[in-house]
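# Chains, contacts and geometry: an overview
So you can see what is in the structure, the chains are spelled out below.
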Amino acid sequence: MRVLSTLALLLALTAGLALADQWVGWVTDEKCAQTGTFTGEKHKNCINSGGTVVFVNEADKKIYHLSDAEKAKKFVGQKVTMQGSAKDDTIEVESVTPAT
């Protein structure tokens with residue numbers, strides 16, 4: 001019985017990962033995202049002075065808020081691949097990696 005419970009839990013977790021979406025875009029601050037400027041070092045200054053970390057989707061330039069901005073903060077001003085689930089204008093962040 002314990003083996004079946006463990007197997008069911010692993011299957012549920014794997015299914016949850018498969019439901020995550022993947023986007024390519026930029027991590028930036030909200031103000032710069034609205035002006036269309038996504039890359040460069042100046043974004044770090046905005047974040048350090050209290051700006052909100054957001055993600056700009058490359059495909060449609062939509063701005064998303066992030067459920068866990070700390071996961072993306074070190075990538076501010078960079079193009080990234082983001083894994084997670086979107087609901088309205090917020091991404092539930094699972095992972096962030098540099099785009100290749």
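Residues numbered from 1 in each chain as written. Predicted model: local features only at pLDDT ≥ 70, side-chain atom pairs only at ≥ 80, totals over all residues. Heavy atoms only, no water.

What follows is about the overall build of the protein chain. Secondary structure assignment for the protein chain yields four helices and five strands. The helix and strand sequence of the protein chain, counted from the amino end, reads α-β-α-α-β-β-α-β-β. In the protein chain, buried positions account for 30% of the 100 residues. Across the protein chain, contacts joining residues at least 24 apart in sequence account for 57% of those joining residues at least 6 apart. Carbon and sulfur atoms make up 55% of the accessible area of the protein chain, which totals about 6,400 Å². (Helix = DSSP H or I, 4+ residues; strand = E, 2+ residues; numbered from the N terminus. Buried < 20%, exposed > 50% of the residue type's maximum accessible area, 1.4 Å probe, protein only. Contact = heavy atoms within 4.5 Å. Areas by Shrake-Rupley, 256 points an atom, 1.4 Å probe, with all protein chains shown as cover.)

Spatially, the five strands close up into a barrel ordered β1-β2-β3-β5-β4, and their pairing is mixed. The sheet shows a mean angle of 55° between the axes of neighbouring strands, taken without regard to direction. Here five bridges tie strand β1 (residues 21-29) to strand β2 (residues 53-57), and the two strands are oriented antiparallel to one another. Pairing of W26 across the sheet is with V56, part of β2. (Pairing = 2+ DSSP bridges. Axes fitted to C-alpha atoms, helices over the stretch in contact; angles between N-to-C directions.)

With that settled, consider the nonpolar core. V27, F55, L66, A72, M82, I91 and V96 are the most contacted members of the largest nonpolar core, which totals 15 residues. Secondary-structure elements contributing two or more residues to this core are β1, β2, β3 (63-66), β4 (79-87) and β5 (90-98). Looking at this core element by element, the count peaks at three residues for β5. Residues in contact with M82, not counting those within four places in the same chain, are D21, Q22, W23, V27, F55, L66, A72, I91, V93, S95 and V96. Membership of the second largest hydrophobic core comes to five residues, among which are A33, F38, V54 and V56. (Core = buried A, V, L, I, M, F, W, Y, C linked by side-chain atoms within 4.5 Å.)

On to the packing of aromatic side chains. We describe a pair of aromatic rings using the distance from one ring centre to the other and the angle between the two ring planes. Inspection of the entire model under this criterion finds one aromatic pair. When the ring of W23 is compared with that of Y64, the centres are 5.9 Å apart and the planes differ by 40°; the resulting orientation is tilted. Here W23 is found in strand β1, whereas its partner Y64 is found in strand β3, with 41 residues between them in sequence. Each member of the pair W23 and Y64 is classed as buried. (Phe/Tyr/Trp six-rings, centres within 6.5 Å; stacked < 30°, edge-to-face > 60°.)

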